[in-house]
Structures are given as C-alpha cells and as structure tokens.
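The lines below spell out each chain.
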Amino acid sequence: MSIDLSQFHQVFFEECFEGLDVMENGLLELDLDDIDSELINSVFRAAHSIKGGSGTFGFSSVADFTHVLETLLDDIRSEKRTMDKQGVDLFLLSVDCLRQLLHQLHAKEEPDLDQANQLKLKFEAILAIGLDGEVAEVNDVTDVNKDDKLEVHDGIGYWEIIFKPHPEIVQTGNEPSRLLKQLAVMGELDVEANIENLPDFTALDPELLFVKWTLKLRTKENKGAISEIFEWVVDDSDITITWIDESVIQETITENPKDTADNITSIKENSENKVTKKVSKPKASVESQSIRVATDKVDSLINMVGELVITQSMLGQLGKDFSMERVHRLQEGLIQLEHNTRELQESVMRIRMLPISFSFNRFPRLVRDLSHTLNKKIDLKLSGENTELDKTVMEKIGDPMVHMVRNSLDHGIETPDVRKAAGKNETGTLTLSAYHQGGNIIIEINDDGAGLNTQKIKEKAIEKGLIKESDNLDDDKINDLIFQPGFSTADVISDVSGRGVGMDVVRRNITELSGTVEVKSVPGEGSTFKIRLPLTLAILDGQLVRVGKEIYILPLVSIVESILVDEEFVNNVGGGFEVLRLREEYIPIIKLYDVFGVEPDSRKLTDGLLVVVEGENKKVGFIVDELMEQQQVVIKSLEANFQKVDGVSGATILGDGTVAMILDVPGLIQLSGIQLISNLKAGNNAA
Amino acid sequence: MSSILAVDDSASMRQMVSFTLKGAGFDVTEANDGQQALDIAKTRSFDLVLSDVNMPVMDGITLVKNLRNLGDYKFTPILMLTTESAGDKKGEGKAAGATGWIVKPFNPDQLLKTIKRVLD
C-alpha cells in the first residue's frame, strides 16, 4: 500500500509554525536564574514534534537540524546541562532559521541550508563538551543488535533459541505465541515447550506464564533478524540464540566497511553543493489558507443549522395548506427564522475570530531584541490576549502595531540613566492590552516613557505649514498631527524606527480597516496609542439615512449624535462652508446632497437633521433628510465589483433588493476639503 | 475489525497514522494526549493502543502505567511511537508496561508491518 504523504503537509507545516512559536515564547519567558522545568519541557516537546514530523514527512534537512536542538534541550531538561543567555540566543536564532527553512519548504523552494549548517556546528560543538560517555551509551542502546546483524551463517545447521519468558511477560501485552508465529514465517521451526515450572492447578495464577521454549529454526536469515523479533521482550525474558553447526564448513561474512565510507563522502559532497547554491530571500509569508477552529464553535454552528432546518420544515408545512387564520403562525415562524439567521450569522462570524494573542505573541521577541539594540531596560506586559478578533483584521493590524511598538521603544521609553535622573524606575514598561467595547475591539499600546514633545511637534508642524502660529490648538490636536503625512520629529532617523513609513501610514492602514487611532500623552509620564477596530470586516452596524430618494449607510460607530439645526448657531466661514457652533466646538457642515448631486426634500438646514460624525479625530456634520432604521449590513466591495469611489467605502444590498452606498467618513471629510477648519476650537482651549 | 486507539499531540502524525490504519481496515479512534486517551479508554475497549511518548497534559509513559492499572487493559498490546534519539525512553516505556515500540520516523508500510506483530 502506498500512501501519498503530501496530503498531510499543510497540517504539518501549520503545526511546525505553531511549535516554533511555542519554542520562541518559551525561550523568551525563561528565567535563567530559576528555570521552570515545565517551560523547558514544552520547548523540548515542540522541537521533538518538529523533528518527528519532518522525518516522517520527508524533510530530512529540518529533521537533522532539529535533532541537535532536541538533544541539547533534552540534556537541559534532564539537568545534565545548564542554560545560559548565549544558549537562549542560539536557540532563538535556530527558531528563526527553522522558520525560514520551513517557509521555503512550504513554498516548495530549495531550502537555504547555510545558516542551519552553521548553527548545527555550534550545537555540535556544545554537545561535544563533556558527557561523551553518556552519548556513547545512548548510541549503544539504539542499535542493540548491531553485532547480531553481522552474524550470518550459510552452512548446514540451525539456530537454537532458548526462550525463557519471565512469568509477568503477558502483562506487557506481549503474547509469546505471536513471537513463535513470526519465527515460523522465517523458515522451518521446531517448537518444544517446557512446562516443568507449571504449578498445581490450585496455585495457578492465570495472569502469569510458566512455559519455556526451546526452538530450532532453520533459516537463511541472520541472527539480527531473529533478535529483532525478540527486541520487545529482551528485558522480560532470558533468550539465547546460538548457531548449531551441522557441517564442517562455516563462513563468516562481514560487511564491507569501505562501502560505508564511500557513502559518507558522497553525501558530504552532495550537501556542500547544496550549500554553495545561493537561494533568493524567502517570500514574506505563505498565506495560511486554513483556519483552526475550536470544536465548540463548530458545534454551535451545527446546532444553529439544526434549528434552521426545523424552522424551515415548520414554514414548509404551513405553506402547504395556508389560510388567513394561520397568518399569526406564519409571523411567528418568520420571527423564528430571523432569529435563526442572526444566530447562524454570528456563529459563522465567530469561526473567523481568533484570540489576539496570535498577534501579540510576536512582541516579546521584538521587545527583547530591540531593548538589547537600544540599551534600554524594558518590561513588556500583555493583557487581554484572549480578546477575539477577525482573522483578516488581525493579519492586517500586525504591521501597524509593530511600527507603533518600535516607536514607543525608540522614542518613548528613555534610557536607564535618563529615567533614573527623572526619578523613575530604570526599567520602562510597555503595555499592550486588548478589550472589547461595544462592537469594537480596542488595542492600546502604552509606554511610561517621556511622552510626546508637544512643543517640538508644534514647531515642526508650523515649519511644515500644517498649522499656523496663530492657530489655537489644544495639546491633543497638536499631538494628533504626528499622523499627518510627511511628519517626523525624530532629529536623527534611528536604526530602529523612522525608516520610511511614518505614523501617517499607520493611520491609513487602520483607516482602511474602518478603524481609528488616536494618541494621548502626558509629558514625563508616557503616551498611549489607542486603536479602535471593528470586530469584523464583513459586516457593519449601519445607520440608514435618507437624502431625497437615496439611502446611504453611515457606520454606527462613527456617529456621535444627531441634532436639529438651530440657524442661530450657524456661521458662514467663506468658501461656501458653514459651521455650526455646538457647545464648545465648531462643526463643519457637509451637505450630502451637494457631494453626491441628489435632490433633497429641502435645502433648508433647519428642515433636515444634522448627523454629527467623527472620523480621524475630526468632527463634521452631515445634513440628511431623515434618519431611518439601524441594521447590520453585509459589506460588498465596490472596488471588486465596480471601481473605487471617493467618499464611499462600499455598498450593500438592502432588504428590498436596492443597493445602498456605505459612506466613508474620513474620505468625505477629505473630499469636501475642510480639514483645517475642523481643527478649530471655539473660544479658549476647552479640552 | 480490530479497533485501535491512536494517541499523538501532533495533528499531522495523528492524521497520517489514522489514514494509514483506516485504509488497512482498522477501526481507529484518535486522542490528542494521554489524559484524553485514558478518558476514552475508560469508556470502551481497544485491541491496540498506539501512543506517542512526549505529549502535554499526560505523557505516553504515564498513560501506559494508567492503562495497565485498568482491568480491561492489563493484556492489551500498547506500542509507543518513539524516536531514535530517545533511547532510554524505550526502556522507560517497557518498564511502565508497554508492549513494544515503533521508531520515528516511520512510513505507513513500516507502521502496518509493526502492527501486524501484535494484531492478527
């Protein structure tokens, strides 16, 4: 039977990448002064599984490399060797190296074994020191019948096997009769049972074995093949295997050792060839096409479908002989159907949800490496790792988060001496936390560093012409300027952050995910970046608004309030813009009927409603004719089905089959060109 | 049809073992770790248990010890899936009451060949 092992490769690779994450996290968590044996065990287990799997599925390069890691880890967990910082670094490098190898193999590329071979040599050097006695011993155990294999008899004679099993042998599941059957297959077998030790029937314990055997086996097989049959019972029995010669001629053939030596050299040449072949950089990542789902989520899905089927059959029944008296039952059924559909939708959505720890997990390593490069002492705290988030959102938020963390470490947290001088703990703290709020997930990146230098940001913004000296802006608004394109306050572009991408890219990425990002900073105490993201990209909680005959959808999260406009507070600021003074702020008014060119019920501001929305930390008001219901809408991409339209983030199909546009609030703000006005505050700073 | 309980924390190994054995006509039940295997073993009997050694929650050695203490599993063949480098584990597994072992890496044919040594 031949089985195509490649069908298991996808699962194998996923498992390996998970295993590598386990190794990496375990190594990072390791406290060298007080080694947690369970932690070392989990790292060992991961390495062990990767080795076992890669051997089985034919990736010998990975298996060979992992073998040395595993051996050293085994010594460490059995406390034959100790782990030091260099050791951790070496293991971490190996994890990276393995990850790259596996990515290459996954992408069906030729693996680049250069680094693996170098690291392997380092491990072998460590393993060569001391303990050589033990290593040799292990080798002995692994090939018990090495000598036996060499013993071959090709004359007239037979193997005499004296097999005296210990009474308890059957309690290990070994059945002597099976062993005899296997021997019988090898040749002509003569069996003689010795029952002299058999006790009286009354004293007979049926769970023990008292029989001994003397066997004569005539076969061409060597002694090794025979001892192999007994390999599982050598410890539970006394076995002697001797060749009984019935002729004078006796030959002993030994393996030609030269052959083996030749084999080794040819393998060496081979591997050298591979090493010299330079391989292109690994692809960024092989997109994981599968998703691992907790069983309870699938169970609840199956449950929902079951209920849906019941409702469907109930409605089907009703439809067969329907009369007006039964209309209330129809209504009940439809309510039930709506209920089922919603629950089903939620269940399906939950399948795409993964705990944010998948994204957080990369940070311990990043912080460790960076604090090393920057000569800073940094403690990383994670909270809310189990908060769930849509897989796509998670994949896309990774890079912006890395950028913000790098920024916080580089510019936020001070060096130990600066911190000490400021009366702070030498070790800075970076906290990553995630939690749910309404239909959103909030991710906060907080550092207890110096905070943003508001004065410097202001100077820079004036220099770049983003604001005017006379502009009356509060600190939050100034700090928000760091998200403007082309803005960087770093005097010297450092090696760590400030390479190319700025915070404007971070904000753009987050906005593309229909999220927002804002910063709060207290000088001397640190800063907090707060990212707000929708739980999923596929569905949106929408507010339907009507302008004339058109219906538009506003994301519910962006709506602050809806008010009737009092003309007394409306000012014309020129350029065709009107602003509404609302409490302490001026809210620019955007007339959707002008933007989209539709005819409204009335062009009088006081006839309509003003929906105040917030986007990119700016508030604006949209004039609409009517607020309609709120509902969840399924987002259909305009780009995929039509083309990108400014001010519109997508479309959806409403219950009556008509298409409605989903408004893109930040896009509309840009489109209407009122950016700077929105920065204005009424009167004095009113935070 | 002989029934086999296959225990391994690695999903790919489990799939491979299970696929091979089912293809050969065995009735296969899978378990992710020793504890899960033990829980399943308490509810029904199997003709053979195949278990990995290194697993979280409960390792293979502990599983064998626990199984041998269950009346139903006193004489059941239990094979350990072990690696060449873990030489001393074979001894440990044997001491705990395992019947024998299969050395990783193995291919489907080797697996079936080994299993035939303990199942008719």
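Up top is the structure these notes are about.
Residues numbered from 1 in each chain as written. Chains lettered and ligands numbered in written order. Predicted model: local features only at pLDDT ≥ 70, side-chain atom pairs only at ≥ 80, totals over all residues. Heavy atoms only, no water.

**Digging into the overall build of chain A**
Link 1 in the chain: When its secondary structure is counted, chain A shows 22 helices and 22 strands.
Link 2 in the chain: In chain A, which comprises 687 residues, the share counted as buried stands at 43%.
Link 3 in the chain: Long-range contacts, defined as pairs at least 24 residues apart, comprise 71% of the intrachain contacts of chain A with a sequence gap of at least 6. (Helix = DSSP H or I, 4+ residues; strand = E, 2+ residues; numbered from the N terminus. Buried < 20%, exposed > 50% of the residue type's maximum accessible area, 1.4 Å probe, protein only. Contact = heavy atoms within 4.5 Å.)

**Examining the interface of chain B and chain A**
Link 1 in the chain: Each side of the interface is counted separately: chain B has 42 residues, and chain A has 38 residues.
Link 2 in the chain: For the pair chain B and chain A, the two sides together bury roughly 3600 Å², of which 56% comes from carbon and sulfur.
Link 3 in the chain: Of all residues in chain B, the largest losses of buried area upon contact with chain A belong to Asn54(B), Phe75(B) and Arg117(B), amounting jointly to 20% of the total for that side.
Link 4 in the chain: The interface formed by chain B and chain A includes two salt bridges.
Link 5 in the chain: Lys74(B) is the partner of Glu207(A) in a salt bridge, and the nearest nitrogen-oxygen pair spans 2.6 Å.
Link 6 in the chain: Our count for the contact surface shared by chain B and chain A stands at 14 residue pairs in polar contact (both at pLDDT 80 or more). (Buried area = accessible area lost by both parts, 1.4 Å probe. Salt bridge = Lys/Arg side-chain N within 4 Å of Asp/Glu carboxyl O. Polar contact = N/O pair within 3.5 Å; in protein donor to acceptor, adjacent residues only side chain to side chain.)

**As for the packing of aromatic side chains**
Link 1 in the chain: Inspection of every chain in the model, using the stated rule, returns 13 aromatic pairs over all chains.
Link 2 in the chain: Taken together, a centroid distance of 6.1 Å and an interplanar angle of 45 degrees make the contact between Phe8(A) and Phe57(A) tilted. Residue Phe8(A) is located in the segment before helix H1 (9–29), and its partner Phe57(A) is located in the loop between helix H2 (37–56) and helix H3 (60–77); the two are separated by 49 residues in the primary sequence. The same class applies to Phe8(A) as to Phe57(A), namely buried.
Link 3 in the chain: Seen from their ring centres, Phe12(A) and Phe57(A) are 5.3 Å apart, and the 50 degrees between their planes marks the pair as tilted. Taken together, the residues span a long stretch of sequence, with Phe12(A) in helix H1 and Phe57(A) in the loop between H2 and H3 at a distance of 45 residues. Each member of the pair, Phe12(A) together with Phe57(A), is buried.
Link 4 in the chain: Each member of the aromatic cluster is reached from another via a ring pair, and the members are Phe8(A), Phe12(A), Phe13(A), Phe57(A), Phe59(A) and Phe19(B).
Link 5 in the chain: It is Arg77(A) that lies over the ring of Phe44(A); its NZ or CZ is 3.8 Å from the centre. (Phe/Tyr/Trp six-rings, centres within 6.5 Å; stacked < 30°, edge-to-face > 60°. Lys NZ or Arg CZ within 6 Å of the ring centre and 35° of its normal.)

**A short note on the side chain of Arg14(B)**
All names here are of chain B.
Link 1 in the chain: When you line up the elements, Arg 14 lands in helix H1 (residues 11–23).
Link 2 in the chain: Assessed through its relative accessible area of 13%, Arg 14 is described here as buried.
Link 3 in the chain: From its side chain, Arg 14 meets the backbone oxygen of Asp 8 in a polar contact 2.8 Å long.

**Comments concerning H1(A)**
Link 1 in the chain: Between the first and last C-alpha of H1(A) there are 30 Å, a value that for 21 residues agrees with the 30 Å anticipated at 1.5 Å per step.
Link 2 in the chain: Within H1(A), 16 of the 21 residues are buried, which leaves it mostly tucked inside the rest of the structure. (Expected span 1.5 Å × (residues − 1).)

**Quick word on a negative patch on the surface**
Residues and elements named next belong to chain A.
Link 1 in the chain: Together, Glu 29, Asp 31, Asp 33, Asp 34 and Asp 36 make up a region of like negative charge exposed at the surface.
Link 2 in the chain: Inspection of the secondary structure assignment puts Glu 29 in helix H1.
Link 3 in the chain: Among the residues examined, Glu 29 registers a relative accessible area of 57% and is labelled exposed. (Patch = residues over 30% accessible without salt bridge, like charges linked within 9 Å, V, L, I, M, F, W, Y side chains within 5 Å. Areas by Shrake-Rupley, 256 points an atom, 1.4 Å probe, with all protein chains shown as cover. Lys, Arg positive; Asp, Glu negative; His and termini not counted. Charge placed at Lys NZ, Arg CZ, Asp CG, Glu CD.)

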